[in-house]
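# Structural overview
Listed below are the residues making up each chain.
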Amino acid sequence: MKTLKDFNFKDKKALIRVDFNVPLNDDFQVTDATRIVSAKPTIIKILEDGGSCVLMSHLGRPKGVQDEFSLKHIINKIEDIYGVEVKFASDCVGAEAEEKANALQPGEILLLENLRFHEEETKGDKAFAEQLSKLGDIYVNDAFGTAHRAHASTTIVAEFFPVSKCFGSLLAKEIESIKKVMEDGEKPVLAVLGGAKVSSKITIIENILEKVDHLIIGGGMTFTFIKAQGGKIGDSICEDDKMELAIDILKQAEEKGVKIHLPVDVVAANAFSNDAETQICDVKQIPDGWQGLDAGPKSIELFDDVVNQCKTILWNGPLGVFELESFAKGTIELGNSIANSTKNGAFSLVGGGDSVAAVKQFGFEDKVSYVSTGGGAMLESLEGKTLPGIAAILG
Ligand code: AMP
């Protein structure tokens with residue numbers, strides 16, 4: 001696996017795919033610069049080597065050229081964070097971009113306009129990728145968030161750099177963290193899967209059963225399993241057409257020696273609302289008119305015990321409706337357990353949209369080993385797929 005360490009960038013122009021798809025407010029100010037900050041180590045290393053950086057990214061989902069999606073809005077923010085002046089090309093391909101890239105001196109940064117102003121980007125168009133490839137000597141991919149897309153700048157462009165291509169430090173860290181969990185994690189290995197639906201996590205569950213010793217299933221998915229086992233789930237969320245699958249998963253787990261842990265009690269509510277009446281119920285005895293919206297106290301204790309036994313932990317998906325304060329406790333306590341286990345030497349990886357949001361919201365970001373930056377890309381990795389953006393660098 002080639003990384004920045006394999007190259008000396010002195011007098012070289014690095015063409016870097018970054019993920020600067022940051023949120024902007026109505027005044028076009030960046031409201032969360034995490035992604036710009038995350039790319040800093042790669043860019044600074046190249047500049048310090050005596051190279052220059054041509055940065056390419058998408059922003060939002062524009063239809064053609066739309067000023068509100070212009071990357072010019074984030075120039076100041078990049079300059080603030082990197083402490084380097086940022087030059088800008090008003091189109092990511094063509095004469096202006098080529099001239100400005102050619103004129104770039106060691107230590108300088110050129111930002112290209114939004115790649116998705118050209119529909120060829122998402123189509124993975126080869127001629128467009130070739131035009132991009134003219135803008136650098138070495139291709140660096142540091143955008144995990146788009147690594148599952150075979151777009152021109154994430155995958156196809158790599159064909160024009162048969163040997164001069166590598167992963168940036170952010171993407172390398174993502175790959176290493178996933179590998180640490182999925183391939184060479186210290187045992188016992190635990191996956192915690194929460195979230196709303198079995199159907200969106202099924203491929204992950206099936207793939208993960210091959211890799212883990214323990215699997216905690218929580219959140220809304222719980223109730224499909226409990227109903228399938230004959231429990232009474234009241235009005236809790238359930239996918240009736242996935243009950244057979246749930247039984248099959250339990251059987252597969254038993255055959256593979258994977259211990260599955262489901263909640264034993266829940267916080268049930270008489271409405272999907274913060275102000276609803278609540279009661280703690282046995283997970284198999286939820287009255288009609290009530291729905292399970294969070295893990296109960298016994299479940300929290302049970303999960304804490306499992307988490308603290310394990311040396312490698314993957315967490316994807318909340319244990320309850322954490323967006324509502326009344327049903328956030330299970331997710332917060334799980335975060336505490338994982339933070340504690342990490343402090344005691346476990347490796348913990350948090351990935352996938354909602355669990356990342358929960359980890360940030362409740363302040364666990366610095367208490368786990370790694371928080372993934374890519375939602376969809378992370379989920380596809382956990383499903384066991386080889387991401388095209390990663391394959392393109394390895395190939
Ligand atoms: P996912 O995107 O599949 O990870 O699902 C995350 C969503 O699952 C969050 O918005 C949670 O509010 C929701 N969720 C978690 N537990 C429950 C539950 N018991 N009932 C309904 N929704 C839930």
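Residues numbered from 1 in each chain as written. Predicted model: local features only at pLDDT ≥ 70, side-chain atom pairs only at ≥ 80, totals over all residues. Heavy atoms only, no water.

Right, let's talk about the site of the ligand for a bit. Around the ligand, the structure places 15 residues, and the nearest of them are Ala196, Lys201, Gly292, Glu323 and Asp354. One nitrogen or oxygen atom from the side chain of Lys201 is found 3.1 Å from an oxygen atom belonging to the ligand. With respect to the ligand, the side chain of Glu323 contributes an N or O atom lying 2.4 Å from an oxygen atom. For the shell around the ligand, the class distribution of residues is six nonpolar, six polar and three charged. (Near = heavy atom within 4 Å. Polar contact = N/O pair within 3.5 Å; in protein donor to acceptor, adjacent residues only side chain to side chain. Nonpolar A, V, L, I, M, F, W, Y, C, P; charged D, E, K, R; others polar.)

Per the UniProt annotation, the sites labelled "binding site: ATP" (unreviewed entry) are Lys201, Gly292, Glu323, Gly352, Gly353, Asp354 and Ser355. Among the structural elements, Asp354 can be located in helix H13 (residues 353–361). When its relative accessible area of 43% is taken as the criterion, Asp354 is described as partly exposed. Once residues lying within four places of it in the same chain are set aside, the contact partners of Asp354 are Pro318, Phe322 and Glu323. Looking at the element boundaries, Ser355 is found in helix H13. (UniProt positions renumbered as here; feature names shortened; annotations may be inferred. Helix = DSSP H or I, 4+ residues; strand = E, 2+ residues; numbered from the N terminus. Buried < 20%, exposed > 50% of the residue type's maximum accessible area, 1.4 Å probe, protein only. Contact = heavy atoms within 4.5 Å.)

A surface patch of like charges, here negative, comprises Glu206, Glu244, Asp248, Glu254 and Glu255. No other element matches helix H10 (residues 243–256), which puts four residues into the negative patch. Secondary-structure assignment places Glu206 in helix H8 (residues 202–208). (Patch = residues over 30% accessible without salt bridge, like charges linked within 9 Å, V, L, I, M, F, W, Y side chains within 5 Å. Areas by Shrake-Rupley, 256 points an atom, 1.4 Å probe, with all protein chains shown as cover. Salt bridge = Lys/Arg side-chain N within 4 Å of Asp/Glu carboxyl O. Lys, Arg positive; Asp, Glu negative; His and termini not counted. Charge placed at Lys NZ, Arg CZ, Asp CG, Glu CD.)

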